[in-house]
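Structure at a glance
Here is what each chain is made of, one letter per residue.
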Amino acid sequence: MNHLFVDNLTVIDFAYLDTRRGLVGESWIVDIVLAGELDEQGMVFDFGSVKRTIKQVIDERVDHRLVTPMDQPALEVTEEGDRVSLAWQLEDGGLIRHQSPAEAVLLLEGERVVPSAVSALLESELRAVLPGNVTGIEVILREEEIDGPYYHYVHGLKKHLGNCQRIAHGHRSRIEIRRNDTRDNDLEREWADRWRDIYVGTEEDIVEQFVENDTAYVTFAYEANQGEFTLTLPRRRVYLMNTDSTVELIAAHLADTCKQPHPNDRIQVKAFEGVGKGAIAIR
């Protein structure tokens with residue numbers, strides 16, 4: 001038996017629902033191991049085809065989706081045509097509601113969203129597109145090792161022409177803040193705590209705010225080229241910006257906010273969007 005591996009094939013940036021944490025942004029690095037007989041080229045599978053074929057399946061099935069565990073009593077699902085509506089009960093009594101085109105949601109078997117469950121789904125899907133000489137496939141999903149503060153955030157970018165327009169996709173992101181060219185650990189920890197499992201919403205996307213069962217809620221909605229999106233969640237789980245939430249605007253917002261109590265200092269924010277990419281803002 002021969003084995004081929006590709007480390008760091010891609011990164012899955014997505015969101016998932018959790019009864020305690022709520023709406024969670026996540027980024028998983030994807031490693032692949034293929035097992036099988038050598039083909040006429042002396043290969044298990046051509047590296048170019050691995051990157052093209054396997055990455056396409058992973059991107060289409062999981063990336064930039066809201067992954068929802070189906071076997072969870074906290075969940076109510078309504079499917080109507082090409083649209084899906086979700087209602088998710090939180091442990092603290094709050095509720096999250098999400099309505100979108102079906103392509104923005106992945107309904108996953110199980111009670112929790114864990115790497116092993118997503119790996120099993122992808123391995124099953126990939127067997128259908130791999131050549132006959134490939135007899136085994138392993139999809140390894142792992143978090144980036146981060147030496148320092150990080151946060152999980154979820155957002156949606158209505159103006160984006162790709163899948164970032166989906167109202168509930170997210171990232172697990174590191175944050176680096178320098179004050180007068182020196183890492184400021186206190187500021188980094190402050191933002192990591194403030195943005196722990198947070199939804200970063202845009203003020204102009206708010207269509208309703210209300211109180212129900214002593215919980216304050218906010219509803220975001222917009223229409224993008226993939227369709228109509230709506231998200232309602234407890235106000236305490238939301239951080240509002242007066243701009244869109246692209247990583248460039250997030251970096252600028254963090255830098256401006258950090259600058260206010262330190263007007264005479266040079267502030268540099270390096271805000272990551274998932275793994276290995278992001279934006280820098282200097283004030």
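Fair warning: this is a prediction, and the values are worked out from it, not measured in the lab.

Scanning the chain from N- to C-terminus turns up four helices and 18 strands. Taking 283 residues into account, the globule formula puts the C-alpha radius of gyration at 19 Å, and the chain, at 20 Å, falls close to it. With the principal axes as the frame, the chain shows a C-alpha extent of 65 × 50 × 35 Å. In the chain, buried positions account for 53% of the 283 residues. Partitioning the contacts of the chain with sequence separation of at least 6, the portion at a separation of at least 24 is 64%. Total accessible area on the chain is roughly 13400 Å²; 44% of this is exposed by carbon and sulfur atoms.

What follows covers the sheet that holds strand 8 (residues 134-142). An order of 7-3-1-2-8 is seen for the five strands of this open sheet, with the pairing classed as mixed. The open sheet terminates on both sides in strands that have one partner only, identified here as strand 7 (105-108) and strand 8. Between one strand axis and the next, the sheet turns through 40° on average, direction left out of account. Of the pairings in the sheet, the one linking strand 1 (residues 2-18) to strand 3 (residues 66-69) comprises two bridges and is parallel in character. Its bridge partner lying in strand 3, tyrosine 16 is registered against valine 67.

Right, let's talk about the side chain of arginine 166 for a bit. Along the chain, arginine 166 falls in the loop between strand 9 (150-155) and strand 10 (169-179). This buried residue, arginine 166, is left without a salt bridge; glutamate 103 holds the nearest opposite charge, at 4.2 Å. At a separation of 3.1 Å, a polar atom in the side chain of arginine 166 contacts the side chain of glutamine 226.

The next point concerns the nonpolar core. Counting 31 residues, the largest nonpolar core has Leu34 and Ile54 as its most contacted members. Elements with a contribution of two residues or more to this core: strand 1, strand 2 (22-36), helix 1 (47-61), strand 7, helix 2 (115-127) and strand 8. Looking at this core, the element that brings in the most residues is strand 1, giving six residues. Look past the residues within four positions of isoleucine 54 in its chain and what remains in contact with it is Leu9, Ile32, Leu34, Ser49, Leu126 and Leu130. Leu17, Leu66, Leu75 and Ala168 belong to the second largest nonpolar core, which has 25 residues in total.

Scanning all chains against the criterion turns up eleven aromatic pairs. A centroid spacing of 5.2 Å and a plane angle of 65° characterise the contact between tyrosine 151 and tryptophan 195, whose relative ring orientation is edge-to-face. Linking tyrosine 151 in strand 9 with tryptophan 195 in the loop between helix 3 (185-194) and strand 12 (198-202), this pair joins segments that are 44 residues apart in sequence. Judged by relative accessible area, which is 0%, tryptophan 195 ranks as buried. Seen in terms of ring centroids, phenylalanine 210 and tyrosine 217 are 5.3 Å apart; in terms of plane orientation they differ by 15°. Their pairing is stacked. Counting every residue linked through ring pairs, the aromatic cluster contains Tyr151, Tyr153, Trp191, Trp195 and Tyr239. Above the face of the phenylalanine 272 ring, arginine 174 is positioned so that its terminal group lies 5.3 Å from the ring centre.

Next up on the list: unusual backbone geometry. Excluding glycine, residues mostly carry a negative phi; peptide bonds, for their part, are mostly trans. One non-glycine residue, asparagine 180, adopts positive backbone phi at about 55°. Mapped onto the elements, asparagine 180 comes out in the loop between strand 10 and strand 11 (182-183). Classification of asparagine 180 by relative accessible area gives partly exposed; the value is 41%. Even without being glycine, aspartate 214 reaches a positive phi, approximately 65°. Position of aspartate 214 relative to the elements: it lies in the loop between strand 13 (206-212) and strand 14 (215-224). In this structure aspartate 214 comes out as exposed when scored by relative accessible area, which is 80%.

Attention shifts here to the pairing of strand 1. In the sheet, strand 1 pairs with strand 2 via 14 bridges, with the strands oriented antiparallel. Paired with valine 11 across the strands is isoleucine 29, a residue of strand 2. The antiparallel hairpin formed by strand 1 and strand 2 contains three residues in its connecting segment.

Moving on, we come to empty space enclosed by the protein. Over the atoms, a rolling probe the size of a water molecule traces out where space has been left empty. Under the defined criterion, the tally for this structure stands at one cavity of 30 Å³ or more. By volume, the largest cavity amounts to about 40 Å³. Sorting the residues of the lining of the largest cavity by element identifies strand 12 and strand 14 as the ones contributing at least two each. For the lining of the largest cavity, the leading source of residues is strand 12, giving four residues. Of the residues assigned to the lining of the largest cavity, the class counts are five nonpolar, three polar and one charged.

Here is what the cut-offs are and how they apply
- Residues numbered from 1 in each chain as written.
- Predicted model: local features only at pLDDT ≥ 70, side-chain atom pairs only at ≥ 80, totals over all residues.
- Heavy atoms only, no water.
- Helix = DSSP H or I, 4+ residues; strand = E, 2+ residues; numbered from the N terminus.
- Rg over C-alpha atoms; globule rule 2.2 N^0.38 Å.
- Buried < 20%, exposed > 50% of the residue type's maximum accessible area, 1.4 Å probe, protein only.
- Contact = heavy atoms within 4.5 Å.
- Areas by Shrake-Rupley, 256 points an atom, 1.4 Å probe, with all protein chains shown as cover.
- Pairing = 2+ DSSP bridges.
- Axes fitted to C-alpha atoms, helices over the stretch in contact; angles between N-to-C directions.
- Lys, Arg positive; Asp, Glu negative; His and termini not counted.
- Salt bridge = Lys/Arg side-chain N within 4 Å of Asp/Glu carboxyl O.
- Polar contact = N/O pair within 3.5 Å; in protein donor to acceptor, adjacent residues only side chain to side chain.
- Core = buried A, V, L, I, M, F, W, Y, C linked by side-chain atoms within 4.5 Å.
- Phe/Tyr/Trp six-rings, centres within 6.5 Å; stacked < 30°, edge-to-face > 60°.
- Lys NZ or Arg CZ within 6 Å of the ring centre and 35° of its normal.
- 1 Å grid on protein atoms, 1.4 Å probe; cavity = no way out; pocket = protein on both sides within 12 Å on 5 of 7 lines; lining within 4 Å.
- Points joined across faces, edges and corners; volume = space filled by probe spheres on them.
- Nonpolar A, V, L, I, M, F, W, Y, C, P; charged D, E, K, R; others polar.

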